[in-house]
Amino acid sequence: MTDTEIFDKVKEILVDQFDLEANEVSLTTDLTNDIDADSLDLFEVLNRVEDDFDIKLAVAEDIKTVQDLVDKVKAQLAA
């Protein structure tokens, strides 16, 4: 799976979860500051990402941006 495919799926999840427009989500989007995600929001996003990609992610403390999340998914898919 390419970075673009991973990003597109993550973006789709974020757009749905936070009722955003697709153009509001980029790799540099900060999950907390740009889309006001709290810890429960992030937990729900990670659960959806895990389900959609059939992976397990560790605790989300080091996931700050969409790029961080894409990188985590990519690493798990490669493992």
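Residues numbered from 1 in each chain as written. Predicted model: local features only at pLDDT ≥ 70, side-chain atom pairs only at ≥ 80, totals over all residues. Heavy atoms only, no water.

Trainee: So what's going on with the UniProt feature "modified residue: O-(pantetheine 4'-phosphoryl)serine" (unreviewed entry) in the chain? Residues and values would help.
Mentor: Feature annotation in UniProt assigns "modified residue: O-(pantetheine 4'-phosphoryl)serine" (unreviewed entry) to the following positions: Ser 39. Among the structural elements, Ser 39 can be located in helix α2 (residues 39-53). (UniProt positions renumbered as here; feature names shortened; annotations may be inferred. Helix = DSSP H or I, 4+ residues; strand = E, 2+ residues; numbered from the N terminus.)

Trainee: Kindly report on the packing of α2 against helix α3 (residues 66-78), identifying the contributing residues and their values.
Mentor: Pairs of packed helices are described in terms of their axes, by the angle between the two and the distance that separates them. Remark: α2 packs on α3, axes separated minimally by 12 Å, with the N-to-C direction vectors making an angle of 35°. The two elements α2 and α3 meet at a crossing, and its hand is right-handed. Every residue of α3 that contacts α2 at Val 45, Leu 46, Val 49 and Phe 53 is listed here: Leu 69, Val 73 and Leu 77. Considering only residue class, the contact of α2 with α3 consists of seven nonpolar, no polar and no charged. (Axes fitted to C-alpha atoms, helices over the stretch in contact; angles between N-to-C directions. Left-handed = near helix turned anticlockwise from the far one by under 90°. Contact = heavy atoms within 4.5 Å. Nonpolar A, V, L, I, M, F, W, Y, C, P; charged D, E, K, R; others polar.)

Trainee: Run through the pattern of salt bridges, naming residues and quoting values.
Mentor: Within this structure, the stated rule accounts for five salt bridges. Among the ionic pairs, Asp 3 bridges to Lys 74, the shortest N-O distance being 3.1 Å. Of this pair, Asp 3 sits in helix α1 (residues 3-18) while Lys 74 sits in helix α3, and the two are 71 residues apart along the sequence. A residue is classified by how much of its surface remains accessible, and Asp 3, at 36% relative accessible area, is partly exposed. The exposure class assigned to Lys 74 is partly exposed, which follows from its relative accessible area of 39%. Beyond isolated ion pairs, a larger network of salt bridges with shared partners links Lys 9, Glu 12 and Asp 52. (Salt bridge = Lys/Arg side-chain N within 4 Å of Asp/Glu carboxyl O. Buried < 20%, exposed > 50% of the residue type's maximum accessible area, 1.4 Å probe, protein only.)

Trainee: For the confidence of the model for the chain, give the residues involved together with the corresponding values.
Mentor: In this model, the chain carries an average pLDDT of 93, and 97% of its residues clear a pLDDT of 70 or more. Least confident of the elements in the chain is α2, whose mean pLDDT is 93; most confident is α1, at 96. (pLDDT = per-residue confidence, 0-100.)

Trainee: Explain the side chain of Asp 41 to me, and be specific about the residues and the numbers.
Mentor: Note that Asp 41 resides in helix α2. There is no salt bridge for the buried Asp 41, and the closest opposite charge comes from Arg 48, which lies 11 Å off by N-O distance. Contacts of Asp 41, omitting those with residues within four sequence positions, involve Phe 18 and Asp 36. (Lys, Arg positive; Asp, Glu negative; His and termini not counted.)

Trainee: An account of the side chain of Thr 65 is requested, with residue identities and associated values reported.
Mentor: In this fold, Thr 65 is placed in the loop between α2 and α3. Sequence-distant contacts of Thr 65, defined by excluding residues within four places in its chain, comprise Leu 27, Thr 28, Thr 29, Asp 30 and Leu 31.

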